[in-house]
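One letter stands for each residue in the lines below.
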Amino acid sequence: MMISVDLVTLMITFLVAMTLAFAWLLVRLRAQTMTTIHNRLIRLRQTLHPHDRYELSGPVITHRYWQDYVNHQGLGVAEHIGQLVIGTLIVVITGIFIPAKLTMIFLFVPFVNAVVFYIHLHNYDDLVNDWPNQVKTHLIIHDPHELNE
């Protein structure tokens, strides 16, 4: 069975365009999730007295993306998105030296990676958006008499 060069070129273009489109969706989803987390934490801090503390628990907090979003401003997610784009561009550039069919097959790797990563990130965003049901806040009220001792 012979696959025409036009069809292979069309598939390569499609895979590159879709991978970059998913990368753009990931960037937007990352920004949206970071904003939601930031706003929820600001709202929580506004309800506390100056020396009170709080502990958070629940699926949002124990998720692997929580530390990245809170401690690293989502840079781990951004790095993964960058790796997707760079991987796609490397495959396209190496496509000059390898057969087009092989390039098309190699382009499925970053495309599938982008789709799977988008699904994971979207599921985490859904958890964050359901904050009241997914996050338990344990207030540790500061005793004002401890300051004097």
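Cut-offs applied
Residues numbered from 1 in each chain as written. Predicted model: local features only at pLDDT ≥ 70, side-chain atom pairs only at ≥ 80, totals over all residues. Heavy atoms only, no water. Helix = DSSP H or I, 4+ residues; strand = E, 2+ residues; numbered from the N terminus. Rg over C-alpha atoms; globule rule 2.2 N^0.38 Å. Contact = heavy atoms within 4.5 Å. Areas by Shrake-Rupley, 256 points an atom, 1.4 Å probe, with all protein chains shown as cover. Lys, Arg positive; Asp, Glu negative; His and termini not counted. Charge placed at Lys NZ, Arg CZ, Asp CG, Glu CD. pLDDT = per-residue confidence, 0-100. Phe/Tyr/Trp six-rings, centres within 6.5 Å; stacked < 30°, edge-to-face > 60°. Buried < 20%, exposed > 50% of the residue type's maximum accessible area, 1.4 Å probe, protein only. Patch = residues over 30% accessible without salt bridge, like charges linked within 9 Å, V, L, I, M, F, W, Y side chains within 5 Å. Salt bridge = Lys/Arg side-chain N within 4 Å of Asp/Glu carboxyl O. Core = buried A, V, L, I, M, F, W, Y, C linked by side-chain atoms within 4.5 Å.

Q: Please set out the overall build of the protein chain residue by residue, giving values where relevant.
A: What the protein chain contains, in helices and strands, is seven helices and two strands. Each helix and strand of the protein chain, placed in order from N terminus to C terminus, yields the pattern α-β-α-α-α-α-α-β-α. Its C-alpha atoms give the protein chain a radius of gyration of 22 Å, clearly above 15 Å, the size a compact globule of 149 residues would have. Seen along its three principal axes, the alpha-carbon backbone of the protein chain occupies a region of about 80 × 25 × 20 Å. Taking contacts inside the protein chain between residues at least 6 apart in sequence as the whole, the part at least 24 apart equals 84%. Taken as a whole, the protein chain presents about 9700 Å² of accessible surface, with 65% of it coming from carbon and sulfur. The positive charge centre, built from 9 side chains, and the negative charge centre, built from 11, are 9 Å apart in the protein chain.

Q: Can you explain unusual backbone geometry? Please cite residues and give values.
A: Residues other than glycine predominantly adopt negative phi, and peptide bonds predominantly adopt the trans conformation. Look at glutamine 73: it is not a glycine, yet its phi comes out positive at around 55°. With respect to the helices and strands, glutamine 73 occurs in the loop between helix 3 (64-72) and helix 4 (75-94).

Q: Break down the confidence of the model for the protein chain for me, with residues and values.
A: A residue-level look at the protein chain finds 93% of positions with pLDDT of 70 or above and a mean pLDDT of 88. Mean pLDDT per element in the protein chain: helix 7 (residues 145-148) is the minimum at 54, and helix 5 (residues 100-129) is the maximum at 93.

Q: Residues and numbers for the packing of aromatic side chains, please.
A: The final tally for this structure, using the stated rule, is six aromatic pairs. Taking 5.7 Å as the distance between ring centres and 70° as the angle between the ring planes, the aromatic pair formed by phenylalanine 22 and tyrosine 118 counts as edge-to-face. Residue phenylalanine 22 is located in helix 1 (residues 5-46), and its partner tyrosine 118 is located in helix 5; the two are separated by 96 residues in the primary sequence. Looking at phenylalanine 22, the relative accessible area reads 15%, which means it is buried.

Q: Break down the environment of aspartate 130 for me, with residues and values.
A: Assignment of secondary structure puts aspartate 130 in the loop between helix 5 and helix 6 (131-134). When the C-alpha positions of aspartate 130 and phenylalanine 97 are compared, they lie 49 Å apart, and in sequence the two are 33 residues distant.

Q: Can you tell me about a nonpolar patch on the surface, naming the residues and giving the values?
A: Residues Leu89, Ile93, Ile96 and Phe97 make up a contiguous nonpolar surface patch of roughly 490 Å² in combined accessible area. Examined against the element boundaries, isoleucine 93 turns out to sit in helix 4.

Q: Please provide a residue-by-residue account of the nonpolar core, values included.
A: If you look at the biggest cluster of nonpolar residues, it comprises 31 residues, and the most contacted ones within it are Leu56, Val60, Trp66, Leu121, Tyr124 and Trp131. Among the elements of the structure, helix 1, helix 2 (59-62), helix 3, helix 4 and helix 5 are those that each provide at least two residues to this core. Here the element with the most residues in this core is helix 1; it accounts for eleven residues. Beyond its immediate sequence surroundings of up to four residues, tryptophan 66 is in contact with Ile37, Leu41, Leu56, Val60, Ile61, Tyr124 and Trp131.

Q: Please set out the side chain of threonine 103 residue by residue, giving values where relevant.
A: By secondary structure assignment, the location of threonine 103 is in helix 5. Judged by relative accessible area, threonine 103 falls into the buried class, the value being 3%. Residues in contact with threonine 103, not counting those within four places in the same chain, are Ile12, Val91, Gly95 and Ile98.

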